[in-house]
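Breakdown of the fold
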Amino acid sequence: MNKQLRVELRKLYGSLQGELVYRLKRPPRRLYLRVNTLKTARSQVISLLREEGVEVYPDESVHDAVYIEVKGPYTLECDTTKRIVVDDKTAVSLLMGANLYRPGILKWSSFREGEKILAISRNGVPLACIETVLSYHKAFNIEKGLVGINVCSPYRAPSIAETSLYKNGLLYPQSLPSIVTTHVLNPKPGEVVIDMNAAPGGKTSHIVQLSFGKARVIAFDRSENKVKAIKATLDWLDLNINVIAIPMDSRYIHVDLRLQNKADKVLVDPPCSNLGVRPVMKFNRTMKEVIDLSNYQKQFLKAAYHVLKPGGILVYSTCTISMLENEENILYAVNELGYNVVELSENPPYAEKVSYKGIVGYRYSPLSYDMPGYFIAILSK
Ligand code: SAM
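Predicted model only: the values in this text are computed from it and were never measured.

**Here we look at helix 11 (residues 287-307)**
Side chains of residues three or four places apart in an α-helix project in the same direction, reflecting 3.6 residues per turn. End to end, helix 11 covers 31 Å across 21 residues, agreeing with the expected 30 Å (1.5 Å per residue, within 8%). All buried positions along helix 11 are accounted for by M287, V290, L293, S294, Q297, K298, F300, L301, A303, A304 and V307.

**Some points on the state of the cysteines**
Per the counting criterion, the structure on display carries one disulfide. In this model C78 forms its disulfide with C129; the gap between the sulfur atoms is 2.1 Å. The S-S bond linking C78 to C129 shows a torsion near 65 degrees; that makes this disulfide right-handed. Here the residue C78 occupies a position in the loop between strand 3 (65-69) and strand 4 (83-86), and C129 occupies one in strand 8 (residues 126-132), the gap between them amounting to 51 residues. Residue C272 stays outside any disulfide, its sulfur separated by 3.3 Å from that of C319, the closest cysteine. You can call C272 buried: its relative accessible area is 7%. On the basis of relative accessibility, which here comes to 22%, the residue C319 falls in the partly exposed class.

**Points about the side chain of S211**
On the secondary structure map, S211 appears in the loop between helix 8 (202-210) and strand 12 (216-221). When its relative accessible area of 0% is taken as the criterion, S211 is described as buried. Ignoring anything within four residues of it in the chain, the contact list for S211 reads P187, K188 and P189.

About the thresholds
Residues numbered from 1 in each chain as written. Predicted model: local features only at pLDDT ≥ 70, side-chain atom pairs only at ≥ 80, totals over all residues. Heavy atoms only, no water. Helix = DSSP H or I, 4+ residues; strand = E, 2+ residues; numbered from the N terminus. Expected span 1.5 Å × (residues − 1). Buried < 20%, exposed > 50% of the residue type's maximum accessible area, 1.4 Å probe, protein only. Disulfide = S-S within 2.5 Å. Contact = heavy atoms within 4.5 Å.

Shape is all these values report; function is a separate question.
So, in structure tokens, the structure goes:
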């Protein structure tokens, strides 16, 4: 890990930093899914998944969350010299035992049907041994679909993507802190809710779900492709209700769209250094990137202040653990932008309260619970 970044993390975790890094390199034991409660009940999902052979459990504290268990670590064996490079999202699923699908592939070497190849991440970490079900030529010419079966990986979790419930949009894979973020936002029917960083639509769809499709939701992300991803998620979950998705740089919506004092609730879930995402493949972030991201995130907080109605609520969340992107940004929001910090009467499930120079936030620490690192703060205008 970059030396300056190590110093930054030591501020928070002190001598436990080594243990933190150890945990971040491993997946949490529980992989969470959100139940689409506008279409089904959690008890129904649990019994139907069990019928399909997937052991799934209800979370003890979050009513629309279920989880499956991750087993391992196992030794990764793969007798081959052939390699295939996959994108970051696919890398994590392969590491957990998922099969290889066409869209995740970045670089190929040629192969025959039934041949073994080693899937690796962009930075060369071995992920899984894949037995191909197609030849290279056939695989190259398809846009979607199965390319190979995962025959050996360091971790194994039941494959949800192949269940009928997943295909029918009754479940959405999401980390527990992400699920909790929208509960903290608590969108209500009739409210105007602005999601400033919405793609691929995980929290946008949850906003629709929790407001029974009766909140008026405006979802922004920075490009047409990102907006397509939001719409694809909403359509898949059948939650495309009362949502306008707009491709736009949301740092300037108060100026470009003259959105002033319009929103009851705003969600800022900006790009971050992802230092809490587990399992991390390689610590290759630099301190400069963390500083740049922190400055970028401040700009969303600034725009959000303009678009919120007086008395409106903002929820800020990141899947990272650096103070610059979390506590320091909330301090900036209070001291420089004029927000008030909101303290909840009860901590969100599995989170711990952080008090820092007069502000309050809620941190998910992999050291306290076997969860990703994450941060949530609530502000009012
Ligand atoms: N909230 C999303 C969800 O739950 O599915 C995840 C959001 S992800 C952490 C951050 C998003 O911010 C990315 O989709 C990224 O494209 C978007 N983003 C980055 N810069 C942006 C900008 N200037 N305006 C709007 N969105 C931006």
